[in-house]
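# Chain and residue survey
The chain contents come next:
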Amino acid sequence: MMARNPIKSYLINSFKINYVLLLAVLVLIFFWKPIFYPSEIMYSPYSDMISQDLFWKFLMHDSFSTFGEIPFWNPYSFSGMPFLANHFSKMRYPPNWLFFFFKDAGMVFNYFYPLHFFLAGLFMYLFVRTIGLSNFSSFIAALIYIFNGHYVMFAYSGLANELPLLVFLPLTLYLFELALRKDATPYSV
């Protein structure tokens, strides 16, 4: 049995990290305005993202910081309406929990989409590596997945409800592939 070459192993592992870092840099370049100007929101002031989604993020933060509890009711819409039970508030979506802890919801709102784009690329990279393609092929697959017109349209047109579905599809495929290969139930759950 031949001994593994430590230099070759180091280079292969560093290329994996370099592709992930390059993916992060490309996402940063694509979202340069919301990242470098966090006080300006990337949507028009009259869009639904501002009048509805951003308002709900402020409500989440204010209710949690003022009363120390998750808001169950939105008293600001008509005569009031359920907030936690409303699926548009996205209270059960774990990345939305960031809005509980940061005072400037607009800034977190700007970093929300670059984070999702990076995670989508990372998950696609991991999935394609799992099915046996090379590092470079996995990187190209991740780039194509996150920078295709359909995906970009969800971020810039304000369709925030569909964006998480596209982010976690590659993660679901990755974990399903691991569950099949390793015959492990925790991956499938």
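## A word on the overall build of the protein chain
Within the protein chain, the regular secondary structure consists of nine helices and two strands. Looking at the protein chain as a whole, 40% of its 189 residues are labelled buried. For the protein chain, the accessible area works out to roughly 11,600 Å², and carbon and sulfur atoms hold 69% of it.

## Quick notes on the nonpolar core
Of all hydrophobic cores here, the largest spans 41 residues; its most connected members are Phe 31, Phe 117, Ile 146 and Tyr 151. Setting aside residues no more than four positions away along its own chain, Ile 146 makes contact with Leu 23, Val 27, Phe 117, Ala 120, Gly 121, Tyr 151 and Val 152.

## Considering the pattern of salt bridges
When the charged atoms of two side chains lie near each other, side chains of opposite charge can form a pair. Under the counting rule described, the total for this entry stands at one salt bridge. For Arg 181, the salt bridge goes to Glu 177, with nearest N and O atoms at 2.8 Å. Taken together, the positions of Arg 181 and Glu 177, both in helix α8 (residues 163-182) and four residues apart, correspond to about one turn of that helix.

## Structural notes on α8
Compared with the 28 Å implied by 1.5 Å per residue over 20 residues, the 30 Å span of α8 between its first and last C-alpha is a close match. Along α8, the sharpest kink reaches roughly 25°, centred on Leu 169 and followed within four residues by the proline Pro 170. Along α8, the positions that sit buried rather than exposed are Leu 163, Pro 164, Leu 166, Val 167, Pro 170, Tyr 174, Glu 177, Leu 178 and Ala 179. Following α8 by one or two positions, Asp 183 has its phi on the positive side, about 50°.

## Examining the confidence of the model for the protein chain
For the protein chain, mean pLDDT is 78; residues scoring 70 or higher make up 78% of the total. Per-element confidence in the protein chain is highest for helix α6 (residues 135-146), whose mean pLDDT is 92, and lowest for helix α9 (residues 185-188), whose mean pLDDT is 70.

## Notes on the packing of aromatic side chains
All chains considered together, the criterion is met by eight aromatic pairs. Centroid distance Tyr 19 to Phe 136: 6.3 Å. Interplanar angle 55°. Geometry classified as tilted. Of the two residues, Tyr 19 sits in helix α1 (residues 6-30) while Phe 136 sits in helix α6, which places them 117 residues apart along the sequence. A network of ring pairs unites the aromatic residues Phe 30, Phe 31, Phe 117 and Phe 147 as a single cluster.

## Brief notes about a nonpolar patch on the surface
Nonpolar side chains collect at one region of the surface, where Trp 97, Leu 98, Phe 101, Phe 102 and Leu 115 lie side by side and expose about 490 Å² of accessible area between them. As for its placement among the helices and strands, Trp 97 is situated in the loop between β2 (81-82) and α4 (98-101).

Criteria and thresholds
- Residues numbered from 1 in each chain as written.
- Predicted model: local features only at pLDDT ≥ 70, side-chain atom pairs only at ≥ 80, totals over all residues.
- Heavy atoms only, no water.
- Helix = DSSP H or I, 4+ residues; strand = E, 2+ residues; numbered from the N terminus.
- Buried < 20%, exposed > 50% of the residue type's maximum accessible area, 1.4 Å probe, protein only.
- Areas by Shrake-Rupley, 256 points an atom, 1.4 Å probe, with all protein chains shown as cover.
- Core = buried A, V, L, I, M, F, W, Y, C linked by side-chain atoms within 4.5 Å.
- Contact = heavy atoms within 4.5 Å.
- Salt bridge = Lys/Arg side-chain N within 4 Å of Asp/Glu carboxyl O.
- Expected span 1.5 Å × (residues − 1).
- Bend = angle between axes of the 7 residues up to and from the residue.
- pLDDT = per-residue confidence, 0-100.
- Phe/Tyr/Trp six-rings, centres within 6.5 Å; stacked < 30°, edge-to-face > 60°.
- Patch = residues over 30% accessible without salt bridge, like charges linked within 9 Å, V, L, I, M, F, W, Y side chains within 5 Å.

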